[in-house]
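Here are the chains, one letter per residue:
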Amino acid sequence: PGWTLPPLVEGATYSHFPVRVADRAREVARFRRAGVQAGEVIEYSVPYTSGYRATSDPDRFPNSRLCSEHLINLPVHPTLTDAERQRVIDAASAAAA
């Protein structure tokens, strides 16, 4: 609940697994406490930076801002061990509880 997952596309491979959450800082901290490095996929939104704000209307880019404030990235590296993958699953399950 409260998470929006990326669409699963048959045959696709993923270099990132971004999940939209309500409170990014809380979720990143929760994963870190569980020993999982969940990162921020997009740290800022270009239209909202000072160099662009003066020449364009940043409110024309609501999805950019949404992503910069609410996406976390879950580990999907192919060298994750079974134990590491299980730690990610357990941390995500605990967040959903």
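**Comments concerning a nonpolar patch on the surface**
Part 1 of the reasoning: A cluster of nonpolar side chains, contributed by L8, V9 and Y14, occupies part of the molecular surface with about 320 Å² of accessible area.
Part 2 of the reasoning: Structurally, the position occupied by L8 is in the segment before β1 (17-20).

**Some words on the pattern of salt bridges**
Part 1 of the reasoning: Applying the stated criterion across every chain yields a total of five salt bridges.
Part 2 of the reasoning: Close ionic contact of E27 with R26 constitutes a salt bridge, the shortest N to O distance being 3.3 Å.
Part 3 of the reasoning: By relative accessible area, R26 is classed as partly exposed at 42%.
Part 4 of the reasoning: Between R30 and E27 there is a salt bridge; the shortest N-O distance is 3.1 Å. A residue pair is termed a helical-turn pair when its members lie 3 or 4 positions apart in one helix, as R30 and E27 do in helix α1 (residues 24-33) at three residues.
Part 5 of the reasoning: E27 gets classed as buried once you look at its relative accessible area, which sits at 3%.
Part 6 of the reasoning: Linked through salt bridges whose partners overlap, the residues forming this network are R26, E27 and R30.

**Some points on the nonpolar core**
Soluble globular proteins tend to pack their nonpolar side chains together in the buried interior.
Part 1 of the reasoning: Judged by nonpolar contacts, F17, V19, V21, V28, F31, V36, A38, I72, L74, V88, A91 and A92 together constitute the single largest core of twelve residues.
Part 2 of the reasoning: Among the secondary structure elements, those contributing two or more residues to this core are β1, α1, β2 (71-74) and α4 (82-96).
Part 3 of the reasoning: Of all the elements, α4 adds the most residues to this core, at three residues.
Part 4 of the reasoning: Discounting chain neighbours no more than four positions away, the residues touching V21 are G2, W3, E27, H70 and I72.

Definitions and limits used
- Residues numbered from 1 in each chain as written.
- Predicted model: local features only at pLDDT ≥ 70, side-chain atom pairs only at ≥ 80, totals over all residues.
- Heavy atoms only, no water.
- Patch = residues over 30% accessible without salt bridge, like charges linked within 9 Å, V, L, I, M, F, W, Y side chains within 5 Å.
- Areas by Shrake-Rupley, 256 points an atom, 1.4 Å probe, with all protein chains shown as cover.
- Salt bridge = Lys/Arg side-chain N within 4 Å of Asp/Glu carboxyl O.
- Helix = DSSP H or I, 4+ residues; strand = E, 2+ residues; numbered from the N terminus.
- Buried < 20%, exposed > 50% of the residue type's maximum accessible area, 1.4 Å probe, protein only.
- Core = buried A, V, L, I, M, F, W, Y, C linked by side-chain atoms within 4.5 Å.
- Contact = heavy atoms within 4.5 Å.

Geometric values such as these leave the question of function open.
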